[in-house]
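Examining the three-dimensional arrangement
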Amino acid sequence: MRFVHVALLIFVACGTNSAPPVPVTVTGQPMLMTLKVGTAGWKPVAGTYDVNENATTYQIDVTDEFELVGACKRANGTFFVSEVFGTVDDATVTLGAWTVPDCVRVSGFLPPPSTTDVVFTATADVDAGLDLDTIGHTLHAGVPGTFTTWQGVHDLITIDPTNNRILVDHDVEIVGGTDLGTLAVGAQGEPMITQGYSADLQPDEGASVTTDLLTSRGAFHRWSPPDHTTALFVPRDQLATGDQQRFVFEITAPPASFRGAISSSFDRSVPGFQLLPRLTDYGTRPGELGASWTPFSDFYTDVLVTIDNQQSTLDVSKSKLWLERHHTSTIDFDVDFDGYDPSWMVANPFLSLEVRRWNENINLISGAGISTP
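What comes next concerns the included structure. The shown structure was predicted, so the numbers you read here are calculated from the model rather than taken from an experiment.

A separate point is the state of the cysteines. In total, this model carries 1 disulfide according to the counting rule given. Across a sulfur-sulfur distance of 1.9 Å, Cys-72 and Cys-103 are joined as a disulfide pair. In this structure the cystine formed by Cys-72 and Cys-103 twists about its S-S bond by roughly -55 degrees; its chirality is therefore left-handed. Here Cys-103 lies in the loop between α1 (91-97) and β8 (117-124) and Cys-72 lies in strand β6 (residues 66-73), a separation of 31 residues in the sequence. We note that Cys-72, like Cys-103, is buried.

This part is about the sheet that holds strand β27 (residues 350-358). Ordered by their spatial adjacency, 12 strands build an open sheet running β3-β2-β6-β7-β25-β24-β27-β28-β21-β20-β17-β18, and the pairing between neighbours is mixed. Of all the strands in the sheet, the pair left with one neighbour each is β3 (43-44) and β18 (220-223). In this sheet, β27 lies alongside strand β24 (residues 302-308) in antiparallel orientation, the contact comprising 7 bridges. In the sheet register, Val-305 faces β27, and the bridge partner there is Leu-353.

For the structure on display, the rule yields 8 salt bridges. In this structure, Asp-302 and Arg-356 form a salt bridge, with 2.6 Å as the shortest nitrogen-oxygen distance. Remark: Arg-356 occurs in strand β27 and Asp-302 occurs in strand β24; sequence separation between them is 54 residues. One exposure class covers both Asp-302 and Arg-356, and it is buried. Shared partners join several salt bridges into a network, and the residues in it are Asp-204, Glu-205, Arg-259 and Arg-278.

Before going further, it helps to examine the packing of aromatic side chains. Within this structure, the stated rule accounts for 17 aromatic pairs. Their ring planes at 45 degrees and their centres at 5.7 Å tell us that Phe-120 and Phe-147 sit as a pair that is tilted. In this pair, Phe-120 sits in strand β8 while Phe-147 sits in strand β11 (residues 145-150), placing the two residues 27 residues apart along the sequence. Of the two residues, Phe-120 and Phe-147, both sit in the buried class. Between the aromatic rings of Phe-333 and Phe-337, the centroid separation amounts to 6.4 Å while the plane-to-plane angle is 75 degrees, which identifies the pairing as edge-to-face. There is no split in this pair, since Phe-333 and Phe-337 are both buried. The side chain of Arg-236 reaches across the aromatic face of Phe-266, ending 5.9 Å from its centre. The aromatic ring of Tyr-300 is capped on one face by Lys-320, whose charged end is 5.6 Å from the ring centroid.

A separate point is the environment of Pro-113. Here Pro-113 shows up in the loop between α1 and β8. Here Pro-113 falls in the partly exposed class, since its relative accessible area comes to 35%. Spatially, the C-alpha atom of Pro-113 lies 42 Å from that of Ala-199, the residues being 86 residues apart in sequence.

What follows concerns the environment of Leu-214. Considering the arrangement of structural elements, one finds Leu-214 in strand β17 (residues 206-214). For the pair Leu-214 and Thr-134, spaced 80 residues apart in sequence, the C-alpha to C-alpha distance is 9.2 Å.

Residues apart from glycine generally show negative phi values, whereas peptide bonds are mostly found in trans. The peptide bond linking Pro-254 to Pro-255 adopts the cis configuration, its omega dihedral lying at 0 degrees. Tracing the chain through its elements places Pro-255 in the loop between β20 (244-253) and β21 (257-263). Positive phi, close to 65 degrees, is recorded for His-228, a residue that is not glycine. Locating His-228 in the fold gives a position in the loop between β18 and β19 (230-233). According to the relative accessible area criterion, His-228 is partly exposed, its value standing at 41%. A positive phi angle is found at Asn-348, which is not glycine, with a value near 50 degrees. Structurally, Asn-348 is set in the loop between β26 (330-332) and β27. Overall, Asn-348 belongs to the exposed group, its relative accessible area being 73%.

Rules used in this analysis
Residues numbered from 1 in each chain as written. Predicted model: local features only at pLDDT ≥ 70, side-chain atom pairs only at ≥ 80, totals over all residues. Heavy atoms only, no water. Disulfide = S-S within 2.5 Å. Helix = DSSP H or I, 4+ residues; strand = E, 2+ residues; numbered from the N terminus. Buried < 20%, exposed > 50% of the residue type's maximum accessible area, 1.4 Å probe, protein only. Pairing = 2+ DSSP bridges. Salt bridge = Lys/Arg side-chain N within 4 Å of Asp/Glu carboxyl O. Phe/Tyr/Trp six-rings, centres within 6.5 Å; stacked < 30°, edge-to-face > 60°. Lys NZ or Arg CZ within 6 Å of the ring centre and 35° of its normal.

Structure below.
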């Protein structure tokens, strides 16, 4: 389960033969965005690039069943190709749930800039953790610590784990020899917001709760309380534009099944939810880039198959309505589209299948990791 950029959209009524254009935003500049509507041929979709946000926005206009493909090739040579199948009657929900390709981030994280690594010092007024990139650092009260990071402007996440307090400093420039002084998380930090969750578990299932904070400049911290039922949330006034919290409540069982709830859109905390049932009947499709499953009776919005190796990714999702109209429960990656590149092959892939009930506030999932031949 990854960080994804999802546009917040409005539901449209079923039974129409047209839908208002749906905005889809992709980080970076995709090498391909192509759309097929009904029986028409493939057509490229023009996007608008925002240099300040480093993001491209597309207005997706559909009047029938559709297939949309987006592809990114990153600076390090890895790729992310994602396709989605839907209908005019569920276009807003289907495109809102779509795991859009990301042309910059790998596994949700921005690559560090190509600048020189520098040494800096920092102190805290209590024993604390300091995150200013994807690596956590430990500070002891009143004792200066010396660390290394890339030169440039950072966000600082300082955590008092004993009292669950947080202090986030944004846009702090670090060069060689920078002394950040005393990070006063004990005196100035705010208490984290706590909320408990529970679920009826089957005998072989275990639960976990995590909350991630990823700031706009790439500082990252993850909370995983040891009781596996209490979530910690960051107070809103510690966040700045572009910062993202991500809540995950996950239940796992051997060999590789999982179900849970994911949310990146909430005010103070995530309210209660009802989980989807456990996925039990599924498998790969010999000779195909995909999987099949036996649908359960609970409502869902789409099914996603991800083929990746933590570097490059192929994704395909199909809406419930599209699957029902085609009388199928198979989800295969379609290579028959204009612009397909045969070099988009994921080496040593891991395949996962996720059944999802998506809305703009929370995404409920039930899925499994599947061994590939």
